[in-house]
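Tertiary structure, described
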Amino acid sequence: MTGATDSETEVPFELLDRTFRADGPEAALDRLVELLEESGPPRALLDALLLKARHELGLPPVQDGPLSDLPEPARSQFEERYVAAIRRVGGKLLDAGDIPGAWPYFRLLGEKEPVAAALDAYQAGEGDERLGQVVEVAFNQGAHPRRGFELILGHYGACSAITAFEHLPADEAVRVPFATALVPPLHDHLTFSLRAEIARRGQVVPPECP
């Protein structure tokens with residue numbers, strides 16, 4: 001059996017150390033980002049991207065004091081890289097289908113649109129354990145309330161949707177679309193219950209409307 005190559009058996013730190021010694025810090029940082037992009041935790045990837053940005057901008061590896069203390073143009077340049085890094089990590093999570101994980105990154109930037117688009121595309125499968133977290137992000141945390149309400153109505157039923165509706169702002173303009181979405185299932189539920197009660201009493205059940 002063919003043995004594993006050195007690169008396959010080396011731990012990441014050894015790879016980074018060798019890269020640093022052979023090609024310098026910039027190459028080592030590139031390699032670190034690559035490794036974390038492949039399999040690392042999102043926060044570690046963000047830290048690596050920010051460390052890379054600081055190195056490329058000639059800043060100390062560790063920020064000493066608030067960002068506002070940095071002179072221009074370094075501060076603006078680092079802020080741009082900071083925003084880009086957050087978008088990159090959030091986008092990676094969205095690509096993996098992790099809407100709840102991605103939301104804090106985009107919320108930090110005040111950008112709902114990528115998460116809202118992912119919520120529109122989201123379809124909960126049978127026994128999907130993410131559903132509750134997705135609803136929390138969409139409806140309760142405001143990433144995409146309408147889609148969150150649709151998920152509540154479709155997966156938890158009219159009673160849960162009514163409870164959610166009661167927690168909406170009192171503004172009629174906000175509530176009307178949600179109320180409109182409630183009308184068809186409530187109509188169907190009331191019709192079914194009424195027909196069942198008529199049948200239970202032994203009376204003639206009227207034909208269903210076409």
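My aim in this report is to walk through the structure given alongside it, one point at a time. Just so we're clear, the structure is a prediction, and the values are computed from it rather than from any experiment.

**Regarding the overall build of the protein**
Along the backbone of the protein there are 11 helices and zero strands. In terms of overall dimensions, the protein is more spread out than a globule: its C-alpha atoms have a radius of gyration of 26 Å, far above the 17 Å expected for 210 residues. With the C-alpha coordinates aligned to their principal axes, the bounding extent of the protein is approximately 90 × 60 × 25 Å. In the form shown here, the protein has an accessible surface area of approximately 13500 Å², with 57% of it arising from carbon and sulfur atoms. Charged side chains in the protein number 20 positive and 34 negative. The centres of these two groups are separated by 4 Å.

**A few points about unusual backbone geometry**
The omega torsion across Glu 72 and Pro 73 is 5°, close enough to zero to call that bond cis. For Pro 73, the position within the fold is in the loop between helix H4 (42-56) and helix H5 (74-95).

**As for the packing of helix H8 (residues 131-140) against helix H9 (residues 145-156)**
Taken N-terminus to C-terminus, the directions of H8 and H9 make an angle of 145°; their axes are 7 Å apart at the nearest point. Relative to H9, H8 is oriented so that their crossing is left-handed. In contact with Leu 131, Gly 132, Val 134, Val 135, Ala 138 and Phe 139 of H8, H9 contributes Pro 145, Gly 148, Phe 149, Leu 151, Ile 152, His 155 and Tyr 156.

**Observations concerning the nonpolar core**
If you look at soluble globular proteins, the nonpolar side chains tend to sit buried side by side. Core analysis: the largest hydrophobic core is formed by 43 residues, its most contacted members being Leu 46, Val 89, Ile 99, Val 115, Leu 119, Phe 139 and Phe 149. Top contributing element to this core by residue count: H5, with seven residues. The contact partners of Val 89, leaving out residues within four places of it in the chain, are Pro 42, Leu 45, Leu 46, Leu 49 and Tyr 105.

**Looking at the packing of aromatic side chains**
In total, this model carries three aromatic pairs according to the counting rule given. A ring pair is formed by Phe 139 and Phe 149, whose centres lie 6.2 Å apart and whose planes are at 35°; its orientation type is tilted. Linking Phe 139 in helix H8 with Phe 149 in helix H9, this pair joins segments that are 10 residues apart in sequence. Each member of the pair, Phe 139 together with Phe 149, is buried. Among the aromatic side chains, those forming a connected cluster through ring pairs are Phe 139, Phe 149 and Phe 178. Above the plane of the ring of Phe 78 lies Arg 54, whose end atom (NZ or CZ) is 5.2 Å from the centre. When the ring centre of Phe 165 is taken as origin, the NZ or CZ atom of Arg 175, which lies over that ring, is 4.4 Å away.

What counts as what
- Residues numbered from 1 in each chain as written.
- Predicted model: local features only at pLDDT ≥ 70, side-chain atom pairs only at ≥ 80, totals over all residues.
- Heavy atoms only, no water.
- Helix = DSSP H or I, 4+ residues; strand = E, 2+ residues; numbered from the N terminus.
- Rg over C-alpha atoms; globule rule 2.2 N^0.38 Å.
- Areas by Shrake-Rupley, 256 points an atom, 1.4 Å probe, with all protein chains shown as cover.
- Lys, Arg positive; Asp, Glu negative; His and termini not counted.
- Charge placed at Lys NZ, Arg CZ, Asp CG, Glu CD.
- Axes fitted to C-alpha atoms, helices over the stretch in contact; angles between N-to-C directions.
- Left-handed = near helix turned anticlockwise from the far one by under 90°.
- Contact = heavy atoms within 4.5 Å.
- Core = buried A, V, L, I, M, F, W, Y, C linked by side-chain atoms within 4.5 Å.
- Buried < 20%, exposed > 50% of the residue type's maximum accessible area, 1.4 Å probe, protein only.
- Phe/Tyr/Trp six-rings, centres within 6.5 Å; stacked < 30°, edge-to-face > 60°.
- Lys NZ or Arg CZ within 6 Å of the ring centre and 35° of its normal.

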